[in-house]
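An overview of the molecular structure
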Amino acid sequence: MPQLAFSRRSAIRGLGAAGLLAALTGCGVPAAYVPEGRREGPDRSERDQSVAFSNWPLYIDTDDEDENRRPTLDAFTEKTGIEIRYTEDINDNDEFFGKVSPALMSHQETGRDLVVVSDWMAARFVRLGWAQKMNRSAQSNVARYLDPQLRSPAFDEGRLHTVPWQSGITGIAYNRKALGREIRSVRDLWHPDLAGKVTLLSGLDESFALLMQGNGVDVTRWTESEFHRMCDQVESMVKKKHIRRFTGNDYTSDLSKGDVLACQAYSGDAIQLQADNPDIEFVVPDEGAELWAESLLVPNLARHKANAEALIDHYYAPEVAAELAASVNYVCPVPAAREVLAGSGDKETAALAENPLIFPDDEMRKRLVVARDITSAERASLAKRWNSIVGL
């Protein structure tokens, strides 16, 4: 399983690479946007059977006997003859954006055929025209098995340029035994018995949707006034010292040690926390929670686009998706993988098929939504307001 100390949905640090991009485009650098017709380069897939795949650390299955072996990648190579140059070189969305943006702004290759970034960052790539349109006619598994709830986010309608790698839920984790009561709503976090025992996520993109849902906001079409109303509420709780602190993924340590009793949390982390402490529960609040994804995309001028698309489709075969889900324990973007796991001869593996944090049931799905992302026009002012509260 992935280590709890590692965060894939990392916090925005100021305006990060987005601020740098804005500065560059205002100082004589050619316009960053690349129109659809200029994104593809010569595809060398047929004569060079390889794919350069950049991913986050600890975000793929590994062999029990040899952690350097990745069975699902090995199976693809054995089946197709395509070699994968797999690199775990994405540690932070903004940091990675900073690595590749100079090349993409200059209409040059990045040296990568396939990358995984959080959807709010994928939205930035799509808006800038830095992600190529995929050939869905060559991706029958994607067309057939992609989770309907993830098929058409606002930033990439119809999922033409991106495909979820893994998904997850931002909700609430809490220690039921230590708290002595149940949490059902975001509003429950503000109860006096949790004063100084609550943490929230520090990243703007990671935190805002759930907090607005607590106010009854439809986060598929939230407004700036609703955002600022939520900020007023959080700011008030900071002044009262009700919120202990804002965190990255280190909230898991606070909760495990008992320093906090309730926190904003990710479903994938909760599964692992529960394995060590069955008193920890994860809640999708009554008002709803955010369903998010980290997505695969093919950057502009990738040399092996067809091979990358074939690898993506490989991961949408239910048996392959099941193997990956069993290893990483995030929400699987291939619901059909549930039947594969349920049929496993291994009791622990089969039990994963019944875990709603990997395969949300119908009741839970009614409360999950994909939030509207923050637009480039909104980001500067909203990030400034949020970061002033968080202390970034």
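Keep in mind it's a predicted model, so treat the numbers as computed, not measured.

Rules and cut-offs
Residues numbered from 1 in each chain as written. Predicted model: local features only at pLDDT ≥ 70, side-chain atom pairs only at ≥ 80, totals over all residues. Heavy atoms only, no water. Salt bridge = Lys/Arg side-chain N within 4 Å of Asp/Glu carboxyl O. Helix = DSSP H or I, 4+ residues; strand = E, 2+ residues; numbered from the N terminus. Buried < 20%, exposed > 50% of the residue type's maximum accessible area, 1.4 Å probe, protein only. Axes fitted to C-alpha atoms, helices over the stretch in contact; angles between N-to-C directions. Parallel < 35°, antiparallel > 145°, perpendicular 65-115°, else oblique. Contact = heavy atoms within 4.5 Å. Nonpolar A, V, L, I, M, F, W, Y, C, P; charged D, E, K, R; others polar.

**Looking at the pattern of salt bridges**
Summed over the entire model, instances satisfying the criterion amount to 25 salt bridges. Notably, a salt bridge pairs Arg176 with Glu281, separated by 3.8 Å at the nearest N-O pair. Here Arg176 is found in helix α6 (residues 176-179), whereas its partner Glu281 is found in strand β8 (residues 280-283), with 105 residues between them in sequence. On the basis of relative accessible area, Arg176 is assigned to the partly exposed category, the value being 34%. A salt bridge links Asp250 to Arg245; the shortest N-O distance between them is 3.1 Å. Note on Asp250: relative accessible area 36%, which makes it partly exposed. A network of salt bridges, in which partner residues are shared, links Asp63, Arg69 and Asp74.

**Re the packing of helix α7 (residues 204-213) against helix α8 (residues 224-239)**
Running from amino to carboxyl end, α7 crosses α8 at an angle of 90°, the nearest separation of the two axes being 10 Å. Relative to α8, the element α7 lies roughly perpendicular. Contacts between α7 and α8 involve Leu204, Phe208, Leu211 and Met212 from the former and Glu226, Phe227, Met230 and Val234 from the latter. Tallied by class, the residues present in the contact of α7 with α8 amount to 7 nonpolar, no polar and 1 charged.

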